[in-house]
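# Geometric and topological summary
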Amino acid sequence: MRILVLGGGAREHAICWKLKQSPRVAAIFCAPGNAGIANIAETVELIPTDVKAVLGFAMRERIDLVVVGPEAPLAAGVADALDKEHIPVFGPRKNAALLESSKAFAKEFMQRHDIPTARYAVFSFEDQVECRAFLRHVNYPAVIKADGLAAGKGVIICETEAEGTHALDEIFTHRIFGEAGQRIVIEEYMTGDEASIFAITDGIDYDLLATAQDHKRIFDGDRGKNTGGMGAYAPAAIVTPEIIEQVKREIIEPALKGLRDEGRIYRGILYIGVMIANGRARVVEFNVRFGDPEAEVVLPLLDGDLAEIFLACAEGRLAPLLPIKQFPASAVTIVMASQGYPDSYQTGEVITGLDDFDQKKEIEQGIAVFHGATKLDDRGRFLTSGGRVLSVTAVGYEEDLRHTITAAYNAVSQISFNGAYYRSDIGKKAHRTPEPRTA
Ligand code: AMP
Ligand code: GLY
């Protein structure tokens, strides 16, 4: 198989790394990729949202399967264009990717199919008078979200009506979210514990991959600004077998049926961000792709041939490959970021200590270093080139997650660059006593 992976972060590095382990794979191309990915795949200078360019490359290079990492190419219709030319693609069509690209659509979809989520209302720029009136009577805290794609940053939690009105001014008048803020969703604030659940599907059959918990805030103790994600671990014990059953029955199955009934072809990953409270999960968000950094812990735990599984999904014949197996292990990933992220930061810093993590050693030690944003200089050294630079993953077979956490931090301590920042409490919340179950 000749595979094209779209994207260039640590998630795509983890995807390429897992694909590379498949005996069926003859060549992996990754567009645009990064310097770490270039060690295991051929990187291609191509913009993933440029649908015509992607299609042209796939046809010219006789690509057997396209795997879409991030959401933007899916929202731009890359799966539709490839499908039309009968090129198998792992990733949903544009009208199904709306689950992520429009929060108003996602909320209305959940309402249509009776999927548990926070109560909400949708307002457009034109409905500002009604919206302000609504904010007078709503319960606080309330959550205001931009409808469109905002890289995980389009959410404002408002404690009072004054904060709500201020948020509205920011979105509609100062347009802090640009086009993404033409419409907003106002929703009930949910308390509880968040988890990420990944369903892999051909649109009809599905199975779950390992559950995970992300760490979205920049500082220890879940403080400070939201980021793309500073670390993750899997599996997440907080997602009990009972919750998994409830999520399948009340969320995943109605969602897949709803997508089918509405003619929205979904072949790929359905990422369900849930809030768990009182022993029940409700949907915080749907994403139409793997999470990053969750992919860096979920994929190393997958016991199977990823190329075979992805192709079967893309061709609508997943059933014979079920169930999808997981290694009886845990995984932890620590994101090493540039100082200042998620605000402004320096790039071009030299990274040292990476040489020790060649692929052979990695596997022996249960360590994998996935590059999020690196490039090579003319002396062959790795330089930082973005906010989330590396995801350092450890896989461990000990029962206690703490061993895996220690292994991941040991690997992190061997790598350095100027201003390297990482959280020191990744995985700690796994040991917190879960919320008591009240009626
Ligand atoms: P989203 O982009 O919708 O995933 O929101 C980003 C983050 O904001 C989530 O991961 C939650 O931590 C938080 N959030 C979003 N919606 C809610 C809600 N209704 N209640 C509580 N927290 C929320
Ligand atoms: N880690 C959160 C996300 O990928 O959306």
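Up top is the structure.
Conventions we followed
- Residues numbered from 1 in each chain as written.
- Chains lettered and ligands numbered in written order.
- Predicted model: local features only at pLDDT ≥ 70, side-chain atom pairs only at ≥ 80, totals over all residues.
- Heavy atoms only, no water.
- 1 Å grid on protein atoms, 1.4 Å probe; cavity = no way out; pocket = protein on both sides within 12 Å on 5 of 7 lines; lining within 4 Å.
- Points joined across faces, edges and corners; volume = space filled by probe spheres on them.
- Helix = DSSP H or I, 4+ residues; strand = E, 2+ residues; numbered from the N terminus.
- Nonpolar A, V, L, I, M, F, W, Y, C, P; charged D, E, K, R; others polar.
- Core = buried A, V, L, I, M, F, W, Y, C linked by side-chain atoms within 4.5 Å.
- Buried < 20%, exposed > 50% of the residue type's maximum accessible area, 1.4 Å probe, protein only.
- Contact = heavy atoms within 4.5 Å.
- Near = heavy atom within 4 Å.
- Polar contact = N/O pair within 3.5 Å; in protein donor to acceptor, adjacent residues only side chain to side chain.
- Areas by Shrake-Rupley, 256 points an atom, 1.4 Å probe, with all protein chains shown as cover.
- Salt bridge = Lys/Arg side-chain N within 4 Å of Asp/Glu carboxyl O.
- Phe/Tyr/Trp six-rings, centres within 6.5 Å; stacked < 30°, edge-to-face > 60°.
- Pairing = 2+ DSSP bridges.
- Axes fitted to C-alpha atoms, helices over the stretch in contact; angles between N-to-C directions.
- Patch = residues over 30% accessible without salt bridge, like charges linked within 9 Å, V, L, I, M, F, W, Y side chains within 5 Å.

Counting across every chain of the model gives three cavities of 30 Å³ or more. Counted as a void, the largest cavity has a volume near 90 Å³. Forming the walls of the largest cavity are Leu 99, Glu 100, Lys 103, Ala 106, Lys 107, Met 110, Lys 145, Val 185, Glu 187, Val 284, Glu 285 and Phe 286. Listing elements by their share of the lining of the largest cavity, those giving two or more residues are helix 5 (94-101), helix 6 (103-112), strand 9 (183-188) and strand 17 (280-287). At four residues, helix 6 tops the list of elements feeding residues into the lining of the largest cavity. Class assignment of the residues belonging to the lining of the largest cavity gives a composition of six nonpolar, no polar and six charged. Here the second largest cavity defines a volume of roughly 50 Å³. Elements supplying a minimum of two residues to the lining of the second largest cavity: helix 1 (10-20) and strand 4 (65-68).

What follows deals with the nonpolar core. The biggest cluster of nonpolar side chains holds 78 residues, and the ones touching the most others in it are Leu 4, Val 66, Leu 99, Ile 272, Phe 286, Leu 390 and Ile 415. Looking at this core element by element, the count peaks at seven residues for helix 9 (residues 241-261). Apart from residues no more than four positions distant in its own chain, Ile 415 is found in contact with Met 336, Ile 351, Thr 352, Gly 353, Leu 354, Phe 357, Val 369, Leu 390 and Val 392. Formed by 47 residues, the second largest nonpolar core is a distinct cluster that contains Ile 28, Ile 269, Ala 295 and Ala 368.

This part covers the site of ligand 1. Contacts to ligand 1 come from 13 residues, most closely from Glu 187, Glu 188, Met 190, Glu 194 and Glu 285. Within the side chain of Lys 145, one N or O atom sits 2.9 Å away from an oxygen atom of ligand 1. Here a nitrogen atom of ligand 1 sits 2.6 Å away from a polar atom, N or O, in the side chain of Glu 187. Summarising the interface, the protein chains cover 92% of the accessible area of ligand 1, which totals 470 Å² for the free molecule. Breaking the shell around ligand 1 down by element, the ones donating at least two residues are strand 7 (142-146), strand 9 and strand 17.

Taken as a whole and judged by the stated rule, the model has 28 salt bridges. Arg 183 is the partner of Asp 147 in a salt bridge, and the nearest nitrogen-oxygen pair spans 3.7 Å. One end of the pair, Asp 147, is in the loop between strand 7 and strand 8 (155-158); the other, Arg 183, is in strand 9, and 36 residues separate them in sequence. One salt bridge connects Arg 423 with Asp 222, and the closest N-O pair in it is separated by 3.0 Å. Residue Arg 423 is located in the segment after strand 25 (420-421), and its partner Asp 222 is located in the loop between strand 13 (217-219) and strand 14 (223-226); the two are separated by 201 residues in the primary sequence. By relative accessible area, which is 1% here, Arg 423 ends up buried. Given a relative accessible area of 32%, Asp 222 falls into the partly exposed group. Members of the salt-bridge network, linked through shared partners, are Asp 220, Asp 222, Arg 423, Asp 425 and Lys 429.

Taken as a whole, this structure holds twelve aromatic pairs when the rule is applied. Geometrically, the ring pair formed by Tyr 341 and Tyr 345 is tilted, given 6.4 Å between the ring centres and 55° between the ring planes. In textbook terms, an aromatic cluster arises when at least three aromatic residues are bridged by ring pairs, as seen for Phe 90, Phe 198, Tyr 271, Phe 290 and Phe 310.

Across the sheet, four strands lie side by side as 6-9-7-8; this open sheet has antiparallel pairing. A strand with exactly one partner marks an edge of an open sheet, and here the two such strands are strand 6 (120-124) and strand 8. In this sheet, adjacent strand axes meet at a mean angle of 20° when their direction is disregarded. Pairing geometry for strand 7 and strand 8, over four bridges, is antiparallel. Paired with Ile 144 across the two strands is Ile 156, which belongs to strand 8.

All right, on to the side chain of Glu 100 then. Secondary-structure assignment places Glu 100 in helix 5. A distance of 2.8 Å separates the side chain of Glu 100 from the backbone nitrogen of Val 288, its partner in a polar contact. At 3.0 Å, the side chain of Glu 100 forms a polar contact with the side chain of Arg 289. If we ignore the near neighbours within four places in the chain, the residues touching Glu 100 are Glu 71, Leu 149, Phe 286, Asn 287, Val 288 and Arg 289.

Before going further, it helps to spend a moment on the environment of Ala 368. By the element assignment, Ala 368 lies in strand 21 (residues 367-371). Judged by its relative accessible area of 5%, Ala 368 falls in the buried class. Separated by 43 residues in the primary sequence, Ala 368 and Ala 411 place their C-alpha atoms 9.1 Å from one another.

What follows concerns helix 1. Summarising burial for helix 1: ten of the eleven residues are buried, a large majority. Along helix 1, the residues classified as buried are Ala 10, Arg 11, Glu 12, His 13, Ala 14, Ile 15, Cys 16, Trp 17, Lys 18 and Leu 19.

So, about a nonpolar patch on the surface. Together, Val 155, Ile 157 and Tyr 189 line one region of the surface with nonpolar side chains, adding up to about 230 Å² of accessible area. Taking relative accessible area as the criterion, Tyr 189 reaches 37% and is therefore assigned partly exposed.

By themselves, these observations are geometric and do not establish any function.
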